[in-house]
Structures are given as C-alpha cells and as structure tokens.
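# Coordinate inspection notes
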Amino acid sequence: MIVAERKTIPELIEILKGQKKVLVLGCGTCVTVCLAGGEREVSIISSALRIASRLAGFSLQIEELTIERQCDNVFIEKAAEAIERNDAVLSLGCGAGVQAIAERYPAKPVYAGLNTAFLGILEERAVWTEKCVACGACVLHEYGGICPITRCAKHMLNGPCGGSREDRCEVLPDRPCAWQLIYQRLKGIGQLDRLKQIKPPKNWNASIHGGLRVIVREDHRI
Amino acid sequence: MDNRPLKIYLFFCSNSFDTDTARRYCAAREGEELKAISLPCSGKVDLLYLIKAFETGADGVMVITCKQDACRYLEGNLRAARRVEAVDSLLEEIGLGRGRIKVIKPKEEVDVEQIIREVDNFRAKISGLACSNSQ
C-alpha cells in the first residue's frame, strides 16, 4: 500500500494562508490504513488547524469529509458539493489522490496535506516499512522475493557489498542487510545458484527516470 | 490574559478515580470551568478527544490513569501516556506550547489524595500560563 505522513501544522498553515473556507478531504484507502489521512486524521488535523489558524489571527472555516478513494472519479463525485461550497481543498490523500481531485476541479485550489513516502507494508504495530520503489521492471523472482533495489541501502543487484556487520546494514545499522536476507531466503528455497549469475546493469527506463509512465489495456477500453 | 474562567478537562479512568469524587471536586472549584469525563479505561482516550478539548477552548487537559502495571485491560494506561505525549507535541506544533496536557498516574491503586494534589498543582500551573486559547 501507499504510505504517507502528514505535513507539520506550521507548514499547513503556511499553505492555507489567505483561504477562508477549506474542505479537509480524507481518503478511505491506503492513507487510512497508515493512519495519515483517514476519517480520524481528518478530524484531528482539522481541529489542530482551527486552533492554529485562530492563534495565527485568521480563523479558518473547515469542513471535514472522507471519501472511499480519492484516486477514482466515481468516488470523487461524492465530494462534489462539499468541494463546490469551499474555497479550497486540503487533500489528505496520496499524491495521486491530490492530483486526481485537482484535475477534476480545475478552478479550485487543491493542496497536499500529506507527504507521500513509499510503497510498503505494516511491519508491526504502527511501523511501516518500504518494500517497493515501483521500478517498473520487477526482479523479485531472481532474489527470492526480497527486493535489493528497495531494501539494500546501496541498491546493489550484485551483492553483498561486504560492509555488513553480522546481519546488519553498514549504512543503516538498525536495518537488516538485504543481501543477508536474500542469501537466507534463496538457501531456504534451494535456489542459491541464482547468486552465481552476474546481473547486467538494470534498464531504468521503465522507472520514473524514463518519464511519466502510462499503462494502457486496450482489451478493456471498449 | 483574558478574564474568562480557566477551562480544564479531566479525563479519568473510572477504575482509579471515583466519578462522584471527581464531580464533587469539579463542582467545588468556583470561578473555574472544570469538566470531568469518565472513561472505562484511560486507554479509551484518543488523540481526537484530547485535541477536541483544546479546540473547544480548554486551557489544560489531565488524563488520570491507573497505577503502573495495574491496568485491568493490561496496556490502557501505557497507551494513554503515549497519546498524551503525541498531543503535547501536536500542541507545540500548533503554537500553544508544551505542558498544557498531563498524565496523572497514582503511586497506589486508589490514591485520591495524590490525584487531587497533582490536579491542584496542574491547575495552578495552567492558570499561570499565558491564556492564548480563547475561542
């Protein structure tokens, strides 16, 4: 899922300066699960902004709403009336959600209330870990299901680097060495031979470095 | 500082502080607006309740938990303390500063005197803070 965290209240106040009526719009999907932009966070951030704007000398009128998904027009439609009656929208969706709302309402200022951080999983209670950089050409099958691009601090496709201590990364000692994990995993599934193959440099055109990515499924377009 | 009465919210675990005692204590404080809110466990207190208290004009908020290792729901008092810490930090971001919210954790299972003493100290501290949270 997409993992995000909220911007600080002073940042949000700076962004919203000059606005009078603002809709704080939450999203019921990924950002709800990562406790950044769901219904509960909409209420908390709205309360915080009401107090902070009062202290800053301009009282924001804030309306709160959370829709099922901000990145889908079918659900955005449900926020239409609320968006219309406010001067601006503070979206607590991910970057895709913010842009989907902005595209749908070209005359309305739409601001991002969150910093979209990464694609990850809930590792343990209230701890999210990055697992995928969406490089566009997945190599997980070659590494026993552990991504060296995301989880190795040096993004090495031919590892290990030799700098790890015990099973810890030398760059980020509080994290496990991805190559140690890859070795253990490949050993466990009887595929250690994969480590004998030298991997060629990765073609990064499929990732963001190749420009805006679009996927078209012609069989679903009619 | 404006002339409005001091407004303080008292969230308390009903297993560590008696509701009648809390209400009597609040009613006896003339010239102050003290609200006592009973919870089945201090772990029920949520960031949202706490920040809403400040949004509605509270100058200070106290959360009375039960004694260390005495929570009958095991971790309720630990969770309450973490949430209070999070709200304290959020209040600093907002511009109200730290110290307007406090956890009161009794040393004994039921220690009404200690709780009242700490509540009194907190009220005195809050009344001394510049009151900038008027609505």
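Now for a description of the structure that goes with this document. Quantities reported herein were computed from a predicted structural model and do not represent experimental measurements.

### Topic: the overall build of chain A
When helices and strands are tallied, chain A shows eight helices and seven strands. Its C-alpha radius of gyration of 22 Å places chain A more than 25% over the 17 Å reference for a compact globule of 222 residues. For chain A, the spread of C-alpha atoms along the three principal axes comes to 65 × 50 × 25 Å. Taken over 222 residues, chain A has a buried fraction of 32%.

### Overview of the nonpolar core
Membership of the largest hydrophobic core comes to 77 residues, with the highest contact counts inside it found for Val31 and Ala48 of chain A together with Leu10 and Val61 of chain B. With seven residues, helix α3 (residues 39–55) of chain A is the largest single contributor of residues to this core. Among all residues touching Ala48 of chain A, those that are not within four sequence positions of it are Ile9 of chain A together with Ile51, Leu90 and Ile94 of chain B. Counting residues in hydrophobic clusters, the runner-up holds eight residues, among them Tyr143, Ile146, Trp179 and Ile182 of chain A.

### Some words on the sheet that holds strand β1 (residues 6–13) of chain B
All names here are of chain B. Strand order in the open sheet formed by four strands is β2-β1-β3-β4, and the pairing between neighbours is parallel. Both edges of this open sheet fall to β2 (32–39) and β4 (101–104), since each of them pairs with a single strand only. Each adjacent strand pair in this sheet contributes to an overall mean axis angle of 15 degrees, direction not counted. Summarising the sheet, β1 and strand β3 (residues 60–64) pair through five bridges and their orientation is parallel. Bridge pairing in β3 places Leu10 opposite Met62. On the sheet, helix α1 (residues 19–27) packs against β1 and β2 and is oriented at approximately 170 degrees with respect to β2. Against the sheet, helix α4 (residues 112–128) engages β1, β3 and β4, with an angle of about 150 degrees to β1.

Definitions and cut-offs
Residues numbered from 1 in each chain as written. Chains lettered and ligands numbered in written order. Predicted model: local features only at pLDDT ≥ 70, side-chain atom pairs only at ≥ 80, totals over all residues. Helix = DSSP H or I, 4+ residues; strand = E, 2+ residues; numbered from the N terminus. Rg over C-alpha atoms; globule rule 2.2 N^0.38 Å. Buried ≥ 20, exposed ≤ 12 C-beta atoms within 10 Å, placed from the backbone. Core = buried A, V, L, I, M, F, W, Y, C linked by C-beta atoms within 7 Å. Contact = placed C-beta atoms within 7 Å. Pairing = 2+ DSSP bridges. Axes fitted to C-alpha atoms, helices over the stretch in contact; angles between N-to-C directions.

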